[in-house]
Amino acid sequence: MFFRSMKVWIAATVLVVLVLAGTAIGVHVTSSTSFCLSCHEMRVHQQELALSPHAQDARGNAIECVQCHIPSTNIVRMLSAKTWLGTKDLWVHATTGGSVTLNRREIQPEARRFMDDANCRACHEDLYRNAKNDGAISEYGRLAHDNYLDKNGSSRSGCAGCHRNIAHLPPEDRHYDANAAFASKLTFKEVR
């Protein structure tokens, strides 16, 4: 009886170790930008990012997809986001054969949902400096950030709620004055 229960515990331990190792390997592989870009419809995002002010992080390294799009401060949220987004993407590719044309206006709210403020704040530590870090932000920006930091009321909006299209610019948003300079750099056609 003792040896039988011991075998069960050993088998269960081996199974748990294998599942954890498989999960760790899966998370590592699916967290690479090359994995994200293996889907043709994501390549337009890479081109937009390369032309945006967010092409590099604070240390001058190329920004990876997971630095913005996958929560980094909470393992449960990170695994939940990867599971949800991965399952959804697999379903879309399985049911459409990968020939789907993304409606970017529809997917933006979903994409912003998984953008944690901690990911933004990893590079933008001082919210009162401009993006180039060579001066102060505007008065409007200061008031908005005061609100975000609960200094003059409180905000329910996170970073991505106010700062839209900071690294990617969908065609329908290119007409806004704030996006005109960025849009003028985009000379490629959307990859479908």
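Residues numbered from 1 in each chain as written. Predicted model: local features only at pLDDT ≥ 70, side-chain atom pairs only at ≥ 80, totals over all residues. Heavy atoms only, no water.

### A look at the confidence of the model for the chain
Stage number 1. Predicted confidence across the chain gives a mean pLDDT of 78, with 81% of residues reaching 70 or more.
Stage number 2. Least confident of the elements in the chain is helix 10 (residues 177–185), whose mean pLDDT is 58; most confident is helix 1 (residues 2–30), at 89.
Stage number 3. Below a pLDDT of 50 lies the segment residues 188–192, which in the model reaches 17 contacts outside its immediate sequence neighbourhood of four places, other chains included. (pLDDT = per-residue confidence, 0-100. Helix = DSSP H or I, 4+ residues; strand = E, 2+ residues; numbered from the N terminus. Contact = heavy atoms within 4.5 Å.)

### Re helix 3 (residues 43–51)
Stage number 1. Along helix 3, the residues that are buried comprise V44, H45, E48 and L49. Looking straight down helix 3, one finds its buried side chains confined to an arc of 135°; they lie on one side. (Buried < 20%, exposed > 50% of the residue type's maximum accessible area, 1.4 Å probe, protein only. Arc of directions from axis to C-beta.)

### Details of the side chain of H145
Stage number 1. For H145, the position within the fold is in helix 8 (residues 139–148).
Stage number 2. Under the relative-accessibility criterion, H145 is labelled buried at 16%.
Stage number 3. When neighbours within four sequence positions are excluded, H145 is seen to be in contact with L127, Y128, I137 and H163.

### Things to note about the nonpolar core
Stage number 1. The biggest cluster of nonpolar side chains holds six residues, and these are V27, I70, M78, A81, L85 and F114.
Stage number 2. When residues in this core are grouped by element, the largest group, three residues, is from helix 5 (residues 75–96).
Stage number 3. Setting aside residues up to four positions removed in sequence, M78 forms contacts with V27, I70 and P71. (Core = buried A, V, L, I, M, F, W, Y, C linked by side-chain atoms within 4.5 Å.)

### Observations concerning the state of the cysteines
Stage number 1. Applying the stated criterion across every chain yields a total of zero disulfides.
Stage number 2. Counting only cysteine sulfurs, C68 is the nearest neighbor of C123, a cysteine outside any disulfide, at a range of 7.7 Å.
Stage number 3. According to the relative accessible area criterion, C123 is partly exposed, its value standing at 32%.
Stage number 4. The thiol sulfur of C159 is not disulfide-bonded, and the nearest other cysteine sulfur, from C120, lies at 4.1 Å.
Stage number 5. Judged by relative accessible area, which is 14%, C159 ranks as buried. (Disulfide = S-S within 2.5 Å.)

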